[in-house]
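Commentary on secondary and tertiary structure
Read off the chains here:
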Amino acid sequence: FFYPMIRQPVYLFALSLFLLLSSPLTQSLSMATPSSVKSSVSSYYTALESTSSLKTNACTSQSAPPDHIKECIKNVKQSVLEKYYGCGLCVPDLLDGCTVVDLGCGSGRDAYIISQMCGARGKVYGVDMTDKQLEVAREALEHHSRVEGSSVVEFHKGYIESFADDLGLSGSVDVVVSNCVINLSPDKEAVLRQAHKCLKEGGELYFSDVYASRRVPQELRDDEVLWGECISGALYWNDFLNLAKKCGFEDPRLVEDGKIKLGNKKLEEKCEGIDFYSATYRLVKLAGLEPDCEDYGQAVIYKGSIPTAPKAFVLDSHHVIEKGKVFPVCGNSMKMLKETRFRDHFDVVGEGKTHFGIFEGCGKNVPFGEGKKE
């Protein structure tokens, strides 16, 4: 289930930056300390003057956002839009009344869009480490306050590796979003742990980022251009899944993905043998999720009552649940639908008291010869 680059990540805008700046620092990035990585990344965002400064097609979006997002974009101040680097959008459904944290909010475009989705009862925190971007975001606060039905927005300077502690957020946030920023962090485990800490039970981290088909070698990770573009900082996909589980997100769900074309022959040669993917994941904070998809003989029926998803609700790429259709689900999926903000939008079929084994179609079957289906 692909939405090709509707949320085109932030990863490639830095290529244009370096073409513009011809920086002598582009040859090598010393990864000696996390602070050096943060300083380097921050300088990328500071240097670009506007979206029009980009000189390559690396940050193009191949698909338009959905209509309800287009309407929200119309209400965002032009100066904010000009400092947004064509990297798509990562907004889940059903945010009305929610408290949301946007990690790496930049000039605030996503935060201002999300605040319209949250409504007057919601609240949005934007966190970024770059003064110049935050200045643009804050200058638009008065303009945004006049947008009818929007939530309060606050912008905070800080690091995503410590944002929950810095803002005093513990078990109080409904949704954390991020658009290709966690990739840039030198301590991704800290970011995931902070997200888990701030979320309510049933809350979620909904974010897009870049992943690699294999572990990226150190010589590429030490390249400042590749790191700044979110390429060499990409986690090997299976390492990410294990890290997410380690940090308390027991069942990561892939929502959408697409293969990245670097569009630069020199960079492609450097990265030969490694494929990179843009992917959006839903990580739900729920106790009692099982390691595998277990069948308890249950199904759900979607009511079609989520305003932005009247025909079908997408839990993940394997669970596109059409309105009115009886849709069998495993125990984990049932919890994700009935113990979260989505609970009122689904009817349940089956009591779930009997275990029928591994859920068919979830990639695992009985491994022994007699258990294999003919």
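Use the structure listed above.
The sections below set out a description of the structure shown in this document. From a predicted model like this one, the values you see are computed outputs, not experimental measurements. (Residues numbered from 1 in each chain as written. Predicted model: local features only at pLDDT ≥ 70, side-chain atom pairs only at ≥ 80, totals over all residues. Heavy atoms only, no water.)

Brief notes about the packing of helix α9 (residues 188-198) against helix α12 (residues 237-246)
Heads up, the rule is: For helices, the fitted line uses only the C-alpha atoms of the stretch in contact; every axis is such a line through C-alpha atoms, and the angle between N-to-C directions lies from 0 to 180 degrees. The secondary structure listing takes helices from DSSP runs of H or I that are at least 4 residues long and strands from runs of E that are at least 2 residues long, numbered from the N terminus. These descriptions rest on fixed angle ranges, namely under 35 degrees for roughly parallel, over 145 for roughly antiparallel, 65 to 115 for roughly perpendicular, and the rest for oblique. A crossing counts as left-handed when the near helix is turned anticlockwise from the far one by less than a right angle, and as right-handed when that turn is clockwise. Contacts are assigned to residue pairs with any non-hydrogen atoms lying within 4.5 Å of each other. Under the scheme applied here, ten amino acids are nonpolar (Ala, Val, Leu, Ile, Met, Phe, Trp, Tyr, Cys and Pro), four are charged (Asp, Glu, Lys and Arg), and all others, including Gly, are polar.
Packing of α9 against α12 brings their axes to within 9 Å, and their N-to-C directions diverge by 40°. Judged by the inter-axis angle, α9 sits oblique to α12. Crossing geometry of α9 relative to α12 is assigned as right-handed. On α12, the residues that touch Lys188, Glu189, Leu192 and Arg193 of α9 are Leu243, Ala244 and Lys246. Among the residues forming the contact of α9 with α12, the class breakdown is three nonpolar, no polar and four charged.

Focus: the pattern of salt bridges
Counted only if it meets this: The salt bridge criterion pairs a side-chain nitrogen of Lys or Arg with a carboxyl oxygen of Asp or Glu, the two atoms within 4 Å. Exposure classes here rest on a 1.4 Å probe applied to the protein chains alone. A residue is buried below 20% of its type maximum, exposed above 50%, and partly exposed in between.
Across all of its chains, the model carries 20 salt bridges by this definition. For Lys157, the salt bridge is made with Asp131, and the minimal N-O distance between the two is 3.0 Å. In this pair, Lys157 sits in strand β3 (residues 152-157) while Asp131 sits in helix α6 (residues 131-139), placing the two residues 26 residues apart along the sequence. One salt bridge connects Arg193 with Glu189, and the closest N-O pair in it is separated by 3.0 Å. Of the two residues, Arg193 and Glu189 are both situated in helix α9; the distance of four residues between them amounts to about one turn of the helix. Glu189 sits in the partly exposed class, given a relative accessible area of 25%.

Quick word on the packing of aromatic side chains
Here is the rule: For this analysis, a ring pair means two rings from Phe, Tyr or Trp (six-membered ring only for Trp) whose centres lie within 6.5 Å, classed as stacked if their planes differ by under 30 degrees, edge-to-face if by over 60, and tilted for the remaining angles.
Inspection of the entire model under this criterion finds ten aromatic pairs. Taking 5.2 Å as the distance between ring centres and 35° as the angle between the ring planes, the aromatic pair formed by Tyr302 and Phe346 counts as tilted. In this pair, Tyr302 is assigned in strand β9 (residues 298-302) and Phe346 in strand β13 (residues 346-349), connecting sequence segments 44 residues apart. The residues Tyr302 and Phe346 share a single accessibility class, namely buried. Each ring, one from Phe313 and one from Phe346, has its centre 5.7 Å from the other, and the planes form 75°; the classification is edge-to-face. Placement of Phe313 in strand β10 (residues 312-316) and of Phe346 in strand β13 is noted, with a sequence separation of 33 residues between them. Phe346 matches Phe313 in its accessibility class, with the two residues each being buried. Site record: aromatic cluster; members linked through ring pairs are Phe207, Tyr211, Phe240 and Tyr281.

Focus: α12
The condition is simple: Note that the arc is defined by the directions from the helix axis to the C-beta atoms.
Looking at α12, one finds that the buried residues are Phe240, Leu241, Leu243 and Ala244. For α12, the arc enclosing every buried residue in end-on projection is 165°, short of the 170-degree limit, so these residues lie on one face. Packed against the buried residues of α12 are α9, β5 (199-212), β6 (235-236) and β8 (276-284).

Some remarks on the sheet that holds strand β12 (residues 326-329)
In plain terms, the rule: For two strands to be treated as a pair, DSSP must find no fewer than two bridges joining them.
With antiparallel pairing, three strands are arranged side by side in an open sheet as β12-β9-β13. On the outer flanks of this sheet lie β12 and β13, each paired with one strand and no other. Taking each pair of neighbouring strands and ignoring which way they run, the sheet shows an average axis angle of 35°.

Observations concerning unusual backbone geometry
Even without glycine at this site, Leu94 takes up a positive phi of about 60°. On the secondary structure map, Leu94 appears in the loop between α4 (78-82) and β1 (99-103). In this model, Cys180 sits at a positive phi of 60°, which is unusual for a non-glycine residue. In this structure, Cys180 sits in the loop between β4 (173-179) and α9.

A short note on the side chain of Thr340
By the secondary structure assignment, Thr340 is in the loop between α14 (331-338) and β13. In this view, Thr340 contacts Gly202, Val284, Leu286 and Lys335; residues no more than four positions away in its chain are not counted.

Some thoughts on the nonpolar core
Condition: Definition of nonpolar core: a set of buried residues of the types Ala, Val, Leu, Ile, Met, Phe, Trp, Tyr and Cys, connected through side-chain atoms within 4.5 Å.
Core analysis: the largest hydrophobic core is formed by 29 residues, its most contacted members being Val101 and Leu283. Not counting the four nearest positions on each side in its chain, Leu283 is found in contact with Leu192, Gly203, Glu204, Leu205, Phe207, Phe240, Ala244, Phe249, Pro252 and Arg253. Residues Ile69, Val100, Ala111 and Val136 belong to the second largest nonpolar core, which totals 26 residues.

This is a description of form; function is not addressed.
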